[in-house]
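Topology and contacts: notes
If you want the building blocks of each chain, they are given just below.
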Amino acid sequence: MLKQLAAAPVIPPDRAKLPDEVDNRFTLSVTTRSGAQVDLTLANVDDEMIYQVSSSGELDEDERNALSNLAAGFQAAIDGLAGSSPQVRLSGLTQFDSKFVQSIDFHAEVAGPESTSQALDFHIDESMRKVSIGGPDGKADVRVDTSTLEHLGTKKQQAKAINNYLAQFDQAVSRGHGDKKLMSMFKDAFSDMNRTATAEERDDFLLTPSKWQLNADDRSALTGLSDFSASIAQTPKSSNPRKAWEQDTFAYDVSQATKVGGPSRDERSIGQTQQSHLNAQFHTAIGKSGPPFFDGTPQTQNYEYHQIDDSARGDVSLNYRLGKLKKAGLEQVASQSEQVQTFLLDKLTSEKTTPSQQSLARDLLATLTSYEHIKGDDTLNDNIFLLGSPGEIVARNQQF
């Protein structure tokens, strides 16, 4: 479809119509720099494949070529969602020629078992990129603000930050007994949305004098990622037929916010906050990690009901006076709480809540002005990424 677009005339929108009812639908909507909107849709009804291409205006050769170059990304996005285990594969659609393409929207609806459907919506433009996932297992959202470029790091730094977050997501889904398939899609979306422009690719911007321009010291104390917010929430389930209110749930959110301010570059302040929150409830067999067996009779009412409430936060702050770094600090805290209710023959026999919290505070001024840091040998950047558990804070305290 896209390669044909580079050579053939397109159909006006009022002449390109799909049936109202289709089994699966994939739509790519592209707005060009000239303002034309191009819609490409691939759908099927039973064994019949249907496709359409429409444009609100004429396209020049450069725009046609830019659209044609999106073919591999469009195909990868379709292949990911059309498989037996849906996957988010959007990285190819984040790499477009911004000289000719203004924005891209991708919408997918894929039929599932028992009349269910898996839906995905993706949008990208100069200032933001976001993806929303919805289906029978739950929903997930990732939104990345790409309007501010000052605090972006290198590809290596961004890769480290993304990998750290993916490890935190794995930890959360394990602790909260979450759906691993839904979490896998969330991780894919998070990774693809957060691979944004980097410091290496922004030489033109970094060489331009600006009161907001950051130096290498500043960036070493930041994650290198664009600011973002992301969340995942499973569809609640009632696995115990005798107690519908005891639901199995999983909800997790994570975000980063960065502020750079001050009257001038010599008098600037920088702050970056990372946070996460996990809330989950689930049933297990007594003394085991697996689910209990319920058949509605009192004899099977032997189980433990867990309620998890965890949170984590990390704050970095830097302050300059008269062009010199005067204050630099890092604060991190992680707290966990688990309430476990034990039932034997449907009677509550015990109830225990286990809270845990650890914190870390570091003055970074000496580190940022040390000989090792100037040489690039220190590991400061490895120690500013968010940690989700008190145990990880303890370990970082011992080595940092």
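Look above for the structure.
Residues numbered from 1 in each chain as written. Predicted model: local features only at pLDDT ≥ 70, side-chain atom pairs only at ≥ 80, totals over all residues. Heavy atoms only, no water.

Overview of the packing of helix α4 (residues 155–175) against helix α5 (residues 180–194)
- Closest axis-to-axis distance for the α4/α5 pair is 11 Å, and the angle between their directions is 165°. By the angle between their directions, the pair α4 and α5 is classed as roughly antiparallel. For the pair α4 and α5, the sense of crossing is right-handed. Contacts between α4 and α5 involve Q158, I162, Y165, L166, F169, D170 and V173 from the former and K180, M183, F186, K187, F190, S191 and N194 from the latter.
- Class assignment of the residues belonging to the contact of α4 with α5 gives a composition of eight nonpolar, three polar and three charged. (Axes fitted to C-alpha atoms, helices over the stretch in contact; angles between N-to-C directions. Helix = DSSP H or I, 4+ residues; strand = E, 2+ residues; numbered from the N terminus. Parallel < 35°, antiparallel > 145°, perpendicular 65-115°, else oblique. Left-handed = near helix turned anticlockwise from the far one by under 90°. Contact = heavy atoms within 4.5 Å. Nonpolar A, V, L, I, M, F, W, Y, C, P; charged D, E, K, R; others polar.)

Some thoughts on the pattern of salt bridges
- Throughout the structure, instances matching the rule amount to twelve salt bridges.
- In this structure, D188 engages R89 in a salt bridge whose closest nitrogen and oxygen atoms are separated by 3.0 Å. With D188 in helix α5 and R89 in the loop between α3 (71–82) and β4 (101–111), this residue pair connects regions lying 99 residues apart in the sequence.
- Take D188: its relative accessible area is 17%, and that puts it in the buried class.
- Among the residues examined, R89 registers a relative accessible area of 34% and is labelled partly exposed.
- Of the charged contacts in the structure, one is a salt bridge between D218 and R268, with a shortest N-O distance of 2.7 Å. Separated by 50 residues along the polypeptide, D218 in helix α7 (residues 216–220) and R268 in the loop between β9 (249–261) and β10 (269–284) bring together distant segments of the chain.
- Given a relative accessible area of 0%, D218 falls into the buried group.
- Sharing partners across several salt bridges, the network here consists of R242, K243, E246 and D346. (Salt bridge = Lys/Arg side-chain N within 4 Å of Asp/Glu carboxyl O. Buried < 20%, exposed > 50% of the residue type's maximum accessible area, 1.4 Å probe, protein only.)

Digging into helix α10 (residues 390–399)
- All buried positions along α10 are accounted for by P390, I393 and R396. Mapping the buried residues of α10 onto a view down its axis gives an arc of 120°, with all of them on the same face. For α10, the exposed residues set more than 90 degrees away from the buried face come down to Q398 and Q399.
- Tucked inside the fold, the buried residues of α10 contact β12 (324–344) and β13 (347–363). (Arc of directions from axis to C-beta.)

Topic: the nonpolar core
- In this structure, L90, F106 and F122 are the most contacted members of the largest nonpolar core, which totals 79 residues.
- Residues contacting F122, with those up to four places away along its chain left out, are L90, L93, T94, I104, D105, F106, K130, V131 and M193. (Core = buried A, V, L, I, M, F, W, Y, C linked by side-chain atoms within 4.5 Å.)

What to know about the packing of aromatic side chains
- Under the defined criterion, the tally for this structure stands at ten aromatic pairs.
- Consider the rings of F74 and F106, whose centres lie 6.0 Å apart with planes at 80°: the pair is edge-to-face. Placement of F74 in helix α3 and of F106 in strand β4 is noted, with a sequence separation of 32 residues between them.
- F74 sits in the buried class, given a relative accessible area of 5%.
- Centre to centre, the rings of F169 and F186 are 5.1 Å apart; their planes meet at 50°, and the pair counts as tilted. Of this pair, F169 sits in helix α4 while F186 sits in helix α5, and the two are 17 residues apart along the sequence.
- What makes F169 buried here is its relative accessible area of 0%. (Phe/Tyr/Trp six-rings, centres within 6.5 Å; stacked < 30°, edge-to-face > 60°.)

Brief notes about the pairing of strand β11 (residues 303–321)
- In this sheet, β11 lies alongside β10 in antiparallel orientation, the contact comprising 16 bridges. Residue pairing for β11: H283 is matched across the bridge by Y305.
- One ladder, built from 17 bridges, connects β11 with β12; its direction is antiparallel. When the sheet's bridge partners are listed, S317 is paired in β12 with G329.
- Count of turn residues in the β11/β12 antiparallel hairpin: two residues, of which L322 carries a positive phi of about 55°. (Pairing = 2+ DSSP bridges.)

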